[in-house]
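Fold and geometry: a report
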Amino acid sequence: MNWNLNKIIVEENQNLPPDWNSLSASGRIFVEIGFGNGENLEFLAKKYPDVLIVGVEVSQLCVMKGARRALSQGLDNIRIMHGDARFLLRAMFAPETVDRLFMNFPCPWPKTRHAERRVTVPSFARLLNYLLKTGGTFELATDVDWYAEDANETITKTGAFDTVSFEKNPQREYITKYERLWLSMNKDIWSVVLRKNGRVPHEEYSYSEWEMEGGVETNMRLEELAAKLKGAEGKGTDGEGYWTYRDVFLSVERVALGLVITADEGFEQHFYIKLVEKSGGGFTVKVDSVGHPYRTPAMRAALKFALDTARG
């Protein structure tokens, strides 16, 4: 088996949002948030071979498992993104392009300080309204009764969604390993299906272009530039997000790697900015592609800071 994971995992993108429709034979797109080991992704891809199935997962291990599962089964209609769905679903999709969105047994985040991470908050309802087509559905399965009730109440309260079904222990299309475990323990399962009615306009969201690398003519030495970057921090473009250069490493080949940590609305990334000293003087400054970072406002601002610092 050739584990070409980049065929499945969506890397950094030069143009956002990606042209998802070109990957879907029917033009339809299903999304699953938090797909775990990828069981349900596989089921959906096989049942709906003409539909593009997109999985979003914060766990890198699960991302790798899901990609390998798709490759081993020869499923060309699966794509996977690694990161926080609260950010990615807005930045990586044009409005009203998704037909169905699934969440199976998400963490309910019972503590008050974690409430913003739930799907029972208004911001997630607005995200659903942005993402789903009119007539599209959000389908939630959970083993927590109050979580199902809160999700149903909060999302329908916006006026953008109607309840299709709210069921206890329903017959479901596919039962995942996690759900089988819960059922073996005689736990109850709740299913909530909500349909977008098209009565409430969605919020607009734009994702502007930004240079990913640049050449700089300067007399500054690499060591001086590295020292100026180390420990630097700031806000993202338009004041959105936060970035910091945690450390800068120099090699004997006259290349420096700046370790950058960014946060955009809770979506955190760790990646490197590469500084390559040019033979005639100056530098090439670019985002290192190894970490496959997404061009968030914070990431773009960190790159701009390096370019501006190098220019002096």
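Now for a description of the structure that goes with this document. On a predicted model such as this, the values are computed, not experimentally measured, just so you know.

Moving on, we come to helix H2 (residues 60-72). In this model H2 runs 18 Å from its N-terminal to its C-terminal C-alpha over 13 residues, within 8% of the 18 Å that 1.5 Å per residue would give. Of all the residues in H2, the buried ones are Cys62, Val63, Gly66, Ala67, Ala70 and Leu71. The buried residues of H2 all sit within an arc of 170° when viewed along its axis, so they share a single face. Buried-residue contacts for H2 involve strand S2 (52-57) and strand S3 (78-82).

Examined against the element boundaries, Ala256 turns out to sit in strand S11 (residues 255-264). Separated by 33 residues in sequence, Ala256 and Glu223 have C-alpha atoms that sit 8.6 Å apart. Setting aside anything within four residues of it in sequence, one finds Ala256 in contact with Leu222, Val248, Phe249, Leu250, Ile273, Lys274 and Leu275.

Attention shifts here to the environment of Val10. Locating Val10 in the fold gives a position in the segment before strand S1 (29-33). Residues Val10 and Tyr294, 284 residues apart in the sequence, show an inter-C-alpha distance of 9.8 Å. Ignoring any residue separated from it by four or fewer positions in sequence, one finds Val10 in contact with Trp20, Arg79, Ile80, Met81, Met92 and Tyr294.

The subject of this paragraph is the pairing of S2. Extensive coverage of S2 is indicated by the burial of six of its six residues. The alternating pattern of S2 places Leu52, Val54 and Val56 and Ile53, Gly55 and Glu57 on opposite faces, both of which are buried. In terms of strand pairing, S1 meets S2 through five bridges, oriented parallel. Paired with Phe30 across the strands is Ile53, a residue of S2. As a crossover connection, the stretch from S1 through helix H1 (residues 39-47) into S2 is right-handed. Relative to S3, S2 is paired through five bridges, and the arrangement is parallel. Within S3, the position partnered with Val56 by the bridge is Met81.

Moving on to helix H4 (residues 122-131). For H4, a buried count of seven out of ten residues is recorded, marking the element as mostly surrounded by other parts of the structure. For H4, the full list of buried residues reads Phe124, Ala125, Leu127, Leu128, Asn129, Tyr130 and Leu131.

Another aspect to go through is the sheet that holds strand S4 (residues 98-104). Spatially, the seven strands line up as an open sheet ordered S3-S2-S1-S4-S5-S7-S6, and their pairing is mixed. Each end of this open sheet is capped by a strand with a single partner; those strands are S3 and strand S6 (161-168). For this sheet, the mean inter-axis angle between neighbouring strands, taken without regard to orientation, is 15°. As paired strands, S4 and strand S5 (residues 132-142) are joined by six bridges and run parallel to one another. Pairing of Val98 across the sheet is with Leu132, part of S5.

About the cut-offs
- Residues numbered from 1 in each chain as written.
- Predicted model: local features only at pLDDT ≥ 70, side-chain atom pairs only at ≥ 80, totals over all residues.
- Heavy atoms only, no water.
- Helix = DSSP H or I, 4+ residues; strand = E, 2+ residues; numbered from the N terminus.
- Expected span 1.5 Å × (residues − 1).
- Buried < 20%, exposed > 50% of the residue type's maximum accessible area, 1.4 Å probe, protein only.
- Arc of directions from axis to C-beta.
- Contact = heavy atoms within 4.5 Å.
- Pairing = 2+ DSSP bridges.
- Right-handed = clockwise from strand over helix to strand, strands pointing away.
- Axes fitted to C-alpha atoms, helices over the stretch in contact; angles between N-to-C directions.

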